[in-house]
Amino acid sequence: MELKLKRRILPDERRRILKNLLDKKGFARILEAHNGLSAIIANNIKEIINNEILEFDGFWASSFTDSAAKGYPDIEIIGVESRYETIRQILNNTNKPMIIDGDTGGEAANFEYFVRTLEDMGVSMVIIEDKKFPKRNSLESGTIQDQEDPEIFATKIKRGKEVQISKDFMIVARIESLISGSGLKDAIFRAKKYLLAGADGIMIHSKDIDPKEILDFAMEYNKLSKELGFRKPLVCVPTTYNTISEDKLQDFGFNIVIYANHLLRAAHKAMKETASIILRSKRAFEAESMCSPVKTVFKDVGFLDVKEKDMKYNKGHIKVIIPAAGTDPEFDIPKAMTILKGKPVLQRQIETLKNCGINDITVIRGFKKEEFSIDGVSYIDNNDYDKYYILHSLFKAEEQMEGGFLFIYSDILFNEQIIKNLLTSNGDIILALDNSYTYHKHKIDKNLELILTKNKPSEQTRDLYQIENEIIRIGRTINMDMADYEFTGIAYFSEYGVEIIRRIYNECKLNHKGNFHEADSFGKASFIDLIQEVIDRGFRVDILEVHKGWFEIHNRKDIEVAERLI
Ligand code: SPV
Ligand code: MG
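Because the structure is predicted, anything quoted here is derived from the model rather than measured.

Asker: How do you make sense of the pairing of strand β1 (residues 28-32) when you look at a structure like this?
Answerer: In regular strands, side chains alternate between the two faces of the sheet. For β1, the buried fraction is high: 5 of the 5 residues fall into the buried class. By the alternation rule, side chains of β1 split into Ala28, Ile30 and Glu32 and Arg29 and Leu31, which are all buried. The pairing of β1 with strand β10 (residues 256-259) spans 4 bridges and is classified as parallel. Bridge pairing in β10 links Leu31 to Tyr259. In this sheet, strand β4 (residues 58-61) lies alongside β1 in parallel orientation, the contact comprising 3 bridges.

Asker: Explain the environment of Pro211 here, please?
Answerer: Topologically, Pro211 is positioned in the loop between β8 (201-204) and α9 (212-228). It is 8.5 Å that separates the C-alpha atoms of Pro211 and Thr240, two residues lying 29 residues apart in sequence. Every residue in contact with Pro211, bar those within four places of it in the chain, is listed here: Tyr241 and Ile244.

Asker: Sorry, what's going on with the coordination of the magnesium ion (ligand 2) here?
Answerer: Here the magnesium ion (ligand 2) is held by Ser63 (OG) and Asp101 (OD), and the distances to it run 2.0 to 2.1 Å. Highlighted residues: Ser63 in helix α3 (residues 63-69) and Asp101 in strand β5 (residues 98-101), separated in sequence by 38 residues. Across the pair, exposure class does not vary: Ser63 and Asp101 are buried alike.

Asker: Even after reading the chapter, I still don't get the sheet that holds strand β9 (residues 234-236), so can you show me in this structure?
Answerer: Through backbone hydrogen bonds, the strands of a sheet pair up, either in parallel or in antiparallel fashion. Spatial ordering of the closed barrel is given by β1-β4-β5-β6-β7-β8-β9-β10, a layout of 8 strands whose pairing is parallel. Across this sheet, the average inter-strand angle for adjacent strands is 25 degrees, counted without regard to direction. Both β9 and β10 contribute to a ladder of 2 bridges, which runs parallel. The partner of Val235 across the bridge, within β10, is Ile256.

Asker: What am I meant to see in the domain arrangement of the chain here?
Answerer: How big an interface is tends to be stated in terms of accessible area lost as the parts join. Each assigned domain of the chain is listed here: domain 1 (12-260) and domain 2 (307-565). Each of domain 1 and domain 2 has a C-alpha centre, and these two points are 56 Å apart.

Asker: Looking at this structure, how should I read the environment of Phe59?
Answerer: Along the chain, Phe59 falls in strand β4. Using a relative accessible area of 0% as the deciding quantity, one classes Phe59 as buried.

Asker: Before we go on, may I ask you to explain the pattern of salt bridges in this structure?
Answerer: Any two side chains of opposite charge can pair, given that their charged atoms come close. Tallied over the full model, the rule gives 44 salt bridges. The salt bridge involving Lys223 is made with Glu220; its shortest N-O contact spans 3.0 Å. Here the residue Lys223 and the residue Glu220 both occupy positions in helix α9, the gap between them amounting to 3 residues, near one helical turn. The class of Lys223 is exposed, set by a relative accessible area of 54%. The exposure class of Glu220 is partly exposed, given its relative accessible area of 28%. Among the charged side chains, a network of salt bridges with common partners joins Asp66, Lys70, Asp74, Arg83, Asp103, Glu129, Lys131, Lys135, Arg174 and Glu176.

Asker: Help me understand the packing of aromatic side chains in this model?
Answerer: The description of an aromatic ring pair rests on the distance of the ring centres and on the angle between the ring planes. Evaluation of the coordinates by the stated rule reveals 16 aromatic pairs. Note on Phe407 and Tyr409: the rings are 5.4 Å apart at their centroids and 70 degrees apart in plane angle, and the pair reads as edge-to-face. Here the two residues Phe407 and Tyr409 agree in accessibility, since each one is buried. With a centroid separation of 3.8 Å and 10 degrees between ring planes, the pair formed by Phe407 and Phe527 is classed as stacked. Note that Phe407 is positioned in strand β16 (residues 404-408) and Phe527 in helix α19 (residues 527-536), a separation of 120 residues in sequence. Of the two residues, Phe407 and Phe527, neither departs from the other in class, the shared state being buried. Among the aromatic residues, those joined into a ring-pair cluster are Phe405, Phe407, Tyr409, Phe487, Phe493 and Phe527.

Parameters at a glance
- Residues numbered from 1 in each chain as written.
- Chains lettered and ligands numbered in written order.
- Predicted model: local features only at pLDDT ≥ 70, side-chain atom pairs only at ≥ 80, totals over all residues.
- Heavy atoms only, no water.
- Buried < 20%, exposed > 50% of the residue type's maximum accessible area, 1.4 Å probe, protein only.
- Helix = DSSP H or I, 4+ residues; strand = E, 2+ residues; numbered from the N terminus.
- Pairing = 2+ DSSP bridges.
- Contact = heavy atoms within 4.5 Å.
- Donors = N, O, S within 2.8 Å, 3.2 Å for Na, K, Ca; no water.
- Axes fitted to C-alpha atoms, helices over the stretch in contact; angles between N-to-C directions.
- Domains from an automatic or database assignment.
- Salt bridge = Lys/Arg side-chain N within 4 Å of Asp/Glu carboxyl O.
- Phe/Tyr/Trp six-rings, centres within 6.5 Å; stacked < 30°, edge-to-face > 60°.

In structure tokens form, the structure reads like this:
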């Protein structure tokens, strides 16, 4: 899961993206945003069509939607500080470029300060319209649409350009001649004037449902560009003439297409319908399908990241699941209850976990469940432990997995550091792995759970930082000489990690037939068989490399060794 707080960019870096895009690709697709939430949606939405990833290249801070979202008409009524607040919300939640609808830009000295602040914030472009302050929105017919004297407007552009200090900030002149009724000729006359005053581009606006008048302008603009010997980006806002495609607009020479108000209008319609359904139904049930699930909103605004991190760093809240239901022919009691220097293995595990501040521990019992006499943990039973092995024991505690958990084999001893490192590592599924067995592998008579990783472990014995690596194969049948690591029996699952394994487990439970990786059947599957399935389905399984600090009780001989070690 991409953490929301990682979706960041510094102002200088963000500001230059739009100019680079226009220079390289010659086209940008822009969507309106009017607050943090709409910006999150505009920033992150992606569609894949014919192998092409489609997304928006940046945002339009519309004066219409910023005003409407605050309950005002679009008449330059909301002050500049209020505009900055909306812009800040959008910038804070995104990492793409931003174009500001600067209305008329106000009086020239005001505009200079506006340019200064927008440039500082990392905005890429401001578009100002050549109307008299205070303007009226252009889309409503019958409103007064007084255009500014072209000379005065050109001076405003020039003064704005003189204030900017970066190379990348752009001031675009928006021409309202087609809105005011002054016509194409006036529009082209103004375009020339504004470009010569230093405008970095021209936006031609229209509220006709037929794109003809803006296409005519585009053709004249191309001629004008030839005459001037340079061509600056051309911008349009296809709100009313919405049947023409981006491709066609591009063919006519448009470089930026702005979808200027759609997220606000969509929200407005959905809000009205939802409110009315609740009123008519006298309850909210009927409105539910109109609404995003609460969790989706939580996820988009980063609340689930917070929850996950709280869980990870506030160690007391991480849950632990220890499956201990199975049998081992060498042992006549559950291995977890084997006494090591007067204390059962499980008791020692619990003490280590409690020393790490972890108290929420669930143990799955099965074989000789009456032997489990330790307090301070919750027990769940897998009474069919002889038919359904460890993986199914784990999933008896499916509810306890919610939000993320630590998985620990019941027959291992480990120190606090492994747990602490696991809880502060990055990844949604992380297995703690050790490669020290490679130094004494000739002496090993056990069936280890071995691992192949994407990158070979470093020869270096000491490293300051954990190395990033992922598992590609896990199993008991991997050749010991080929393997990179041994699984310690300790793993971490984030909330998203849990979502992955739950989905896969439940789907396999319904549909899987025959062998399941190294198990004869899904019923006999082990934990590592599920991990292999997770990897085969394309999910990443990270590693935490540990050197010593843990010990597994494989057989009776190990008890003596463990007792010596304690
Ligand atoms: C806006 O989105 O605020 C605009 C475009 O200025 S329009 O509303 O079409 O005038
Ligand atoms: Mg506007």
